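# A look at the structure
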Amino acid sequence: MGSVNIRPFLSYLFVVVLIFAGMGIIILPLLPLTERIIGGFSLLGGLIVFMVLIINIFEKYIKPVQSASRVADELVKGNYKARTYVSYFGEAGKLSNAINVLARNLQEITLQEKMQESQMRTVIDNMESGLMLIDEKGYVHLINRKFLQIFEGEPKDFMGFLYYDVLDQERIHKAVQEAFLYEEKVKDSFTISGQIERKSIEVVGAPIFNEKQVLNGAVLVFHDITELKKLEEMRKDFVANVSHELKTPITSIRGFAETLLEGAMEDIQLRRQFLEIILKEGERLQALIYDLLELSKLEKDEMRLEYQNIDLSSLVEELLPVIKQQAVKKQIDLSIKLPDTLEIVADADRLKQVFINLLNNAVNYTSDNGKVLLKVSEKLNHIEITISDTGIGIPDEAQSRIFERFYRVDRARSRNTGGTGLGLAIVKHIVEAHHGEIRLESQLEKGTTFIISLPRKPEYSKGLF
Ligand SMILES: Nc1ncnc2c1ncn2[C@@H]1O[C@H](COP(=O)(O)OP(=O)(O)OP(=O)(O)O)[C@@H](O)[C@H]1O
Ligand SMILES: [Mg+2]
């Protein structure tokens, strides 16, 4: 609160002193000498009374009114922190008090408004969808953080511009026009190329009306549906792949059965040959269906691991005969390096599946006389399993796709080995369900190594690798 203006007070004082001095000059010479002193004192007394009165009036009325009017000026300017004196009596006191209450209320209201505004801003900025508000002429009035993320820009690139000058997607223009034209919600989707990838965006436009139900703008909400689209594509691919994978053995079985029925049955040699093919294809079909069921079980969230204490060397002992048999056939040198005792808590059957699939691959994709090594080593809270071979290797560009369902580097070759292309997808699922990690190192014609890290107990799973 600024200082009070005392100029009017001083001028009143000056006028009163002047009047009294004038009265003294005029009246005193007219009086007899003896009464002059009394007259002079009376005038002085009168002057003092007047001065006290003026000071009183100034303090009680002029000063508070001046201060109140100054505060009112401040309030008009928007400074709601201004306050006036309150310790006055009478009407001026009431005025000061009222002005202060008014200022306090205004301050509280603006504070609440600011809080509401900042809450609203926080909500808008943290929305998972992009938001844009335009007026009836098409000028952009509001955008949020997600919007800027989607369109990769800054507020100054959009705010205050006409939407069609700053967004060149035809679908957006159409959505706005339709929202304005039909005065109802519209939905569309488009793609934009971002710095990293192409994004699929769904836009929903809705008209906004004022209290009189007159159209005065539109709000556009943008959803990033890139992930959803990818999933949809993957699902479509999966269905196409499954159908294709099933079609091949079925066509083959049917073809050979037909040929047999058409007469080949009479030839003992052909009959045997064709029936063997039919059996092999039947086995492939069975393996495929088994793997698919296994995968779908693993992919379901309710997939339960049956954790138990496992002695790793006895688990490997159990599965070794099958692999050894295959290795012997190809004269592959299969060696195992395991600590004498190594216990981990895991699902024994699933873990066996991991070993079998990886060792099978190692033997299958290694030519005769090659080497396959299974090594398990102990780390502090986890174990490391490496399965390496001196086989054909996996080309660099295929390494990132190797765990995809049905992905095979060489389709014909993998099919010949009876492969379904699902083995590694299953392995990855099992490892991840155990909160482990799997990676590979491979060089063409030199060999491949798969490395798995597994927590020794499920509770060690966090922050391990
Ligand atoms: N050790 C390896 N050396 C070279 N290539 C490999 C190796 N392991 C896997 N691959 C390649 O990865 C592909 C996918 O392997 P995956 O085990 O998922 O399927 P598969 O062996 O074809 O069939 P299956 O589902 O019966 O195991 C294989 O087709 C093969 O091309
Ligand atoms: Mg395999």
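Numbers given to residues run from 1 along each chain, matching the order in which its sequence is written. Key to labels: chains lettered from A, ligands numbered from 1, both in the order written. In keeping with the predicted nature of the model, local features appear solely for residues at pLDDT of at least 70, side-chain atom pairs appear and are counted solely at 80 or more, and the whole-chain, interface and lining totals rest on all residues. Based on all heavy atoms of the structure, the side-chain values leave hydrogens and waters out of the count.

Bear in mind that the domain bounds are from an automatic or database domain assignment. The domain boundaries assigned to the protein chain delineate domain 1 (7–114), domain 2 (127–224), domain 3 (230–299) and domain 4 (307–460). Centre-to-centre separation of domain 2 and domain 4, based on C-alpha positions: 51 Å.

Moving on, we come to the pattern of salt bridges. Take a side-chain nitrogen of Lys or Arg and a carboxyl oxygen of Asp or Glu: if they are within 4 Å of each other, that pair is a salt bridge. The full count for this structure, using the stated rule, is 21 salt bridges. With its nearest N and O atoms 3.4 Å apart, the salt bridge here joins Lys77 to Glu74. Taken together, the positions of Lys77 and Glu74, both in helix H2 (residues 33–77) and three residues apart, correspond to about one turn of that helix. Note on classification: 1.4 Å probe, protein chains only; a residue is buried when its accessible area is under 20% of the maximum for its type, exposed when over 50%, partly exposed between these limits. Residue Glu74 is classed as partly exposed on the basis of its relative accessible area, which comes to 24%. For the salt bridge of Glu227 with Lys230, the shortest nitrogen-to-oxygen distance reads 3.5 Å. With Glu227 and Lys230 both in helix H8 (residues 226–261) and three residues apart, the pair spans about one turn of that helix. On the accessibility criterion, Lys230 (40% relative accessible area) is partly exposed. One continuous salt-bridge network, built from bridges that share partners, spans Arg171, Lys174 and Asp188. Numbered from the N terminus, helices here are DSSP runs of H or I no shorter than four residues, and strands are runs of E no shorter than two.

Our next topic: the sheet that holds strand E3 (residues 186–193). As summarised here, the arrangement of the five strands in space is E2-E1-E5-E4-E3, forming an open sheet in which the pairing is antiparallel. The open sheet has two free edges, formed respectively by strand E2 (140–143) and E3, since each of these has just one partner strand. Going from strand to strand, the sheet's axes swing by 25° on average, the running direction of each strand aside. Whether two strands pair comes down to DSSP finding at least two bridges between them. As paired strands, E3 and strand E4 (residues 198–209) are joined by eight bridges and run antiparallel to one another. Directly across from Phe190, in E4, lies its bridge partner Ile201. On top of the sheet, helix H7 (residues 170–182) reaches strand E1 (130–135), E3, E4 and strand E5 (215–224); it is set at about 165° to E3, its chief contact. Only C-alpha atoms enter the line fits that serve as axes; for helices the fit covers just the stretch in contact. Angles between N-to-C directions range over 0 to 180 degrees. Note on contacts: a residue pair is in contact if any heavy atoms of the two residues lie within 4.5 Å.

Attention now moves to the packing of aromatic side chains. Each pair of aromatic rings taken from Phe, Tyr and Trp, with Trp reduced to its six-membered ring, is defined by centres within 6.5 Å and is described as stacked if the planes are under 30 degrees apart, edge-to-face if over 60, and tilted in the remaining cases. Under the defined criterion, the tally for this structure stands at nine aromatic pairs. Following the ring pairs from residue to residue traces out a cluster consisting of Phe147, Phe151, Phe158 and Phe222. Working rule: Lys NZ or Arg CZ, within 6 Å of ring centre, within 35 degrees of ring normal, means a charge sits over the ring. Stacked on the ring of Phe238, the Lys or Arg Arg405 has its end atom at 4.1 Å from the ring centre. The aromatic ring of Phe403 is capped on one face by Lys428, whose charged end is 5.6 Å from the ring centroid.

Working note: a packed helix pair is described by the angle between its axes plus the distance between those axes. Relative to each other, helix H1 (residues 7–27) and H2 sit at 165°, their axes nearing to 10 Å. In terms of their interaxial angle, H1 and H2 are classed as roughly antiparallel. H2 is crossed by H1, and the crossing has right-handed handedness. Contacts between H1 and H2 involve Pro8, Phe9, Tyr12, Leu13, Val16, Val17, Phe20, Met23 and Gly24 on the former and, on the latter, Leu43, Gly46, Leu47, Phe50, Met51, Ile54, Ile55, Phe58, Ile62 and Gln66. Residues were grouped as follows: Ala, Val, Leu, Ile, Met, Phe, Trp, Tyr, Cys and Pro as nonpolar; Asp, Glu, Lys and Arg as charged; and all remaining residues, including Gly, as polar. Counted by class, the contact of H1 with H2 contains 16 nonpolar, three polar and no charged residues. Here roughly perpendicular refers to angles of 65 to 115 degrees, roughly parallel to angles under 35, roughly antiparallel to angles over 145, and oblique to all remaining angles. Crossing handedness is read from the near helix: turned anticlockwise from the far helix by less than a right angle, it gives a left-handed crossing, and turned clockwise, a right-handed one.

Let us now look at the pairing of strand E8 (residues 343–347). For E8, a buried count of four out of five residues is recorded, marking the element as mostly surrounded by other parts of the structure. Pairing analysis gives five bridges linking strand E6 (residues 307–311) to E8, with the strands arranged antiparallel. When the bridges of E8 are listed, Tyr307 appears paired with Asp347.

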